[in-house]
Amino acid sequence: VSLKQQFRQAQIKATVQVNQALLQYYWTLGEQIVERQQQSEWGSSFLNQLSHDLMTEFPEIKGFSKRNLALIRQWYLYWRDEAAIVQQLVAQLTSVPWGHNIQIISKCQNQQEAQYYVGQTLANGWSRNVLVHQIESGLYQRKGSALNNFETTLPAVQSDLAQQTLKDPYIFDFLTLS
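All figures in this text were calculated on a predicted structure; none of them were measured in a lab.

Asker: Whenever I open this one, the overall build of the chain confuses me. Can you help?
Answerer: Secondary structure assignment for the chain yields 11 helices and 0 strands. Beginning at the N terminus, the succession of helices and strands in the chain can be written as α-α-α-α-α-α-α-α-α-α-α. Put simply, the chain has 178 residues, and 36% of those count as buried. For the chain, restricting intrachain contacts to residue pairs at least 6 apart in sequence, the fraction spanning at least 24 positions comes to 72%. Accessible surface, the chain as shown: approximately 11,200 Å² in total, 51% of it carbon and sulfur.

Here it is, written out as structure tokens:
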């Protein structure tokens, strides 16, 4: 293994770990947003104020916009009812980039379909474009119609997922890097 390959592998490992830390924070943030909104008065502009406070404290971070905070809340609410498998599920969800997660919850009809696409993204290293194409083409609905042994007979592909994670601007914001 060349020094260049080792460096690229180290970059990918670091990026994956940063993505996991960021999304674990998003999970906790989503949980706290839901709890605090239940305690606050209706119409109190909680997300506006939270966004303002976080952006004031961390001006270089783009992930604290009101829109992204609303997506974090939506993501948490989408998955939180899966209490029986929540730890394993959160581990899978945090292994997939944020943009992938948003596409999954916005395009899937139910949690089973969403879990399928999370698993397939991890297994196949799908880029966001490939994931969206697979969802929109209905892969989940037709998954059992054609049996094959591709997974056991073909070599693993270079992971688009790892490459896409390296390009995720939220990871660089989280580290306060550009």
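Asker: Looking at this structure, how should I read the side chain of Thr94?
Answerer: Position of Thr94 relative to the elements: it lies in the loop between helix H4 (86–93) and helix H5 (98–107). Using a relative accessible area of 1% as the deciding quantity, one classes Thr94 as buried. Contact partners of Thr94, with chain neighbours within four places excluded, come to Asn19, Gln20, Leu23 and Gln24.

Asker: Even after reading the chapter, I still don't get the pattern of salt bridges, so can you show me in this structure?
Answerer: Proximity of charged atoms lets side chains of opposite charge pair with each other. The tally for this structure, following the rule as stated, stands at 2 salt bridges. Close ionic contact of Arg80 with Asp81 constitutes a salt bridge, the shortest N to O distance being 3.9 Å. Taking the relative accessible area as the measure of exposure, Asp81 reaches 60% and is therefore exposed. Of the charged contacts in the structure, one is a salt bridge between Lys107 and Glu136, with a shortest N-O distance of 3.3 Å. Placement of Lys107 in helix H5 and of Glu136 in helix H7 (residues 128–136) is noted, with a sequence separation of 29 residues between them. Given the relative accessible area of 28%, Lys107 is considered partly exposed. Classification of Glu136 as exposed rests on a relative accessible area of 57%.

Asker: What is the right way to look at the environment of Thr121 in this model?
Answerer: Along the chain, the position of Thr121 falls in helix H6 (residues 111–124). Residue classification places Thr121 among the buried positions, given a relative accessible area of 0%. Put simply, Thr121 and Gln92 are 29 residues apart on the chain and 9.9 Å apart in space, counted from C-alpha to C-alpha.

Asker: Explain H4 here, please?
Answerer: What sets the pattern is the α-helix's 3.6 residues per turn: residues three or four places apart point alike. Along H4, the residues that are buried comprise Leu89, Val90 and Leu93. Around the axis of H4, the buried residues are gathered within 100° of arc, so they sit on the same side. Of the exposed residues in H4, those oriented more than 90 degrees away from the buried face are Gln87 and Gln88. Tucked into the core, H4 has its buried residues touching helix H1 (3–39), helix H3 (66–79), H5 and H6.

Asker: Can you help me understand the nonpolar core in this one?
Answerer: As a rule of thumb, soluble globular proteins bury nonpolar side chains together. Of all hydrophobic cores here, the largest spans 37 residues; its most connected members are Leu69, Trp75, Trp79, Trp98, Ile104 and Tyr117. Sorting the residues of this core by element identifies H1, helix H2 (46–57), H3, H4, H5, H6 and H7 as the ones contributing at least two each. Setting aside residues up to four positions removed in sequence, Leu69 forms contacts with Leu29, Ile33, Leu47, Leu50, Ser51, Leu54, Gly63 and Phe64.

Asker: Quick question: what am I supposed to make of the packing of aromatic side chains here?
Answerer: How two aromatic rings sit relative to each other is given by the distance of their centres and the angle of their planes. Within the structure shown, the criterion is met by 11 aromatic pairs. Ring centres of Trp27 and Trp75 lie 5.5 Å apart, and the angle between their planes is 90°; on these two criteria the pair is classed as edge-to-face. Of the two residues, Trp27 sits in helix H1 while Trp75 sits in helix H3, which places them 48 residues apart along the sequence. Trp27 sits in the buried class, given a relative accessible area of 12%. Taken together, a centroid distance of 4.9 Å and an interplanar angle of 65° make the contact between Trp27 and Tyr76 edge-to-face. Highlighted residues: Trp27 in helix H1 and Tyr76 in helix H3, separated in sequence by 49 residues. Put simply, the rings of Tyr25, Tyr26, Trp27, Phe58, Phe64, Trp75, Tyr76 and Trp98 touch in pairs and so form one group of aromatic residues.

Rules and cut-offs
- Residues numbered from 1 in each chain as written.
- Predicted model: local features only at pLDDT ≥ 70, side-chain atom pairs only at ≥ 80, totals over all residues.
- Heavy atoms only, no water.
- Helix = DSSP H or I, 4+ residues; strand = E, 2+ residues; numbered from the N terminus.
- Buried < 20%, exposed > 50% of the residue type's maximum accessible area, 1.4 Å probe, protein only.
- Contact = heavy atoms within 4.5 Å.
- Areas by Shrake-Rupley, 256 points an atom, 1.4 Å probe, with all protein chains shown as cover.
- Salt bridge = Lys/Arg side-chain N within 4 Å of Asp/Glu carboxyl O.
- Arc of directions from axis to C-beta.
- Core = buried A, V, L, I, M, F, W, Y, C linked by side-chain atoms within 4.5 Å.
- Phe/Tyr/Trp six-rings, centres within 6.5 Å; stacked < 30°, edge-to-face > 60°.

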